[in-house]
Amino acid sequence: VERQPLARYTTLGVGGEAEVWFVADHAQLAEAMEAPYRILGGGSNLVVADEGVPERVIRLTGPLAQADLTPDPQLSTSGQVVTGWVGGGVPLPGLIRKLQKLGLSNLEGTVGIPAQVGGAVWMNAGTRYGETFDGLHSLEIVTPEGTRQVTPDDLDWGYRNSGIPRNHIVTRVRLRLRPSTPEEVLARMDFADQARKGQPKMKTPGCAFKNPGGGKGAGQLIDEAGLKGTRIGQAMIAPEHANFIVNLGGATAADVLALLRLIRERVSVPLELEYELWPEGLG
């Protein structure tokens, strides 16, 4: 346990200090949850204040960052493979690659998302080609009241939302997958990846705003407002895709928040933030 800059754990590369706890099992997790806490996965989709946060920040490691992809014979059928437990701290990109090599389908639509499994589940991360809940069979969630196991049917999930409360931690999941072949899964991964080639490669949290519906995506609306390439400090609205904010090197959370405010002022359609802000009233 030590105070560390959270910038080193976020894909945007901004954020002040917090007390970081690395927990490997449920006993350590229970201890870490005895004081106010936050859970941090891969650090994508997140903007942390330059001042940091006062709460403990929990990261899953050890057994809670390992994956058992062995089919469970009691739950699997001829048309569906249900795996053993996959830890919430497992990096999603590596998991997708392992599933491809095993010829297991349902999650390749999330290719390229730099998240951990727990965080991807918590926000139902996805792309136009698929989302995390496409491949979920069941979840283990640790709450301040204890541990419970649920299925997706128990949750009010939807677009970029799992229905899981903020202070509940996704520690493990079982995956529900469709048998395929490594070649077929790779082809679908490549198709989804090629369609996202226009996204920026610099430090970024991902898409800034949810698509509002009505035919135009958030990126198109921001582009039509003439904001693509706009820069404040060392943060910039990406020239490649206007729904991304990138860190040019040395950006601050204040720079990013100023760009988010500018977008909302200039785009006539109300936009709902896809980023998570720490603390919640930030900006």
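Caption draft 1: Region of the structure containing the sheet that holds strand 3 (residues 37–39). Read across the open sheet, the four strands follow the order 1-2-5-3; overall the sheet is mixed. Only two strands of the sheet have a single partner each, and these edge strands are strand 1 (2–5) and strand 3. Sheet twist, expressed as the average angle between the axes of neighbouring strands with direction ignored, equals 45°. In this sheet, strand 5 (residues 56–60) lies alongside strand 3 in parallel orientation, the contact comprising three bridges. When the sheet's bridge partners are listed, Tyr37 is paired in strand 5 with Arg56.

Caption draft 2: Layout of the nonpolar core. Counting residues in hydrophobic clusters, the biggest one holds 32 residues, and the most contacted among them are Val86, Leu95, Leu99, Val121, Leu139, Val173 and Leu175. Going through the elements one at a time, strand 6 (81–87), helix 2 (92–101), helix 3 (117–122), strand 10 (136–143), strand 12 (169–179) and helix 4 (182–195) are the ones with two or more residues in this core. Excluding its chain neighbours within four sequence positions, the residues that come into contact with Leu139 are Trp85, Val121, Arg148, Gln149, Val150, Thr151, Pro152, Leu155, Ile164, Arg172 and Val173. One finds Ala218, Ile222, Leu262 and Leu271 within the second-largest nonpolar core, a separate group that totals 29 residues.

Caption draft 3: Quick peek at the side chain of Gln100. With respect to the helices, strands and loops of the structure, Gln100 is situated in helix 2. In contact with Gln100, other than residues within four places in its own chain, are Pro182, Val185, Leu186 and Met189.

Caption draft 4: Structural context of the sheet that holds strand 15 (residues 245–247). Sheet architecture is open: three strands sit in the order 13-14-15, paired in antiparallel fashion. If you trace the sheet from one side to the other, it starts and ends with strand 13 (231–232) and strand 15, each paired once. Of the strand pairs in this sheet, strand 14 (residues 235–237) and strand 15 are connected by three bridges, and their pairing is antiparallel. Its bridge partner being in strand 15, Met236 is matched across the sheet by Val246. Strand contacts of helix 6 (residues 253–266): strand 13, strand 14 and strand 15, with the helix running at about 30° to strand 14, the strand carrying the most contacts.

About the cut-offs
- Counting restarts for each chain, with residues numbered from 1 along the sequence as it is written.
- Only residues with pLDDT of at least 70 are given local features in this predicted model, and only at 80 or more are side-chain atom pairs given and counted; all residues enter the totals for whole chains, interfaces and linings.
- Computation of side-chain values covers all heavy atoms of the structure but excludes hydrogens and water.
- By the convention used here, strands pair only if DSSP detects at least 2 bridges between them.
- The numbering of helices and of strands both runs from the N terminus, where a helix is a DSSP run of H or I of at least 4 residues and a strand a run of E of at least 2.
- Fitting a line to C-alpha atoms yields each axis, with helices limited to the stretch in contact; the angle taken between N-to-C directions then spans 0 to 180 degrees.
- Remark: nonpolar core denotes a set of buried residues (Ala, Val, Leu, Ile, Met, Phe, Trp, Tyr, Cys) joined through side-chain atoms within 4.5 Å.
- Only protein chains enter the accessibility calculation, which uses a 1.4 Å probe; a residue whose area is less than 20% of its type maximum is buried, one above 50% is exposed, and one in between is partly exposed.
- In this description, contact between two residues means that some pair of their heavy atoms is separated by no more than 4.5 Å.

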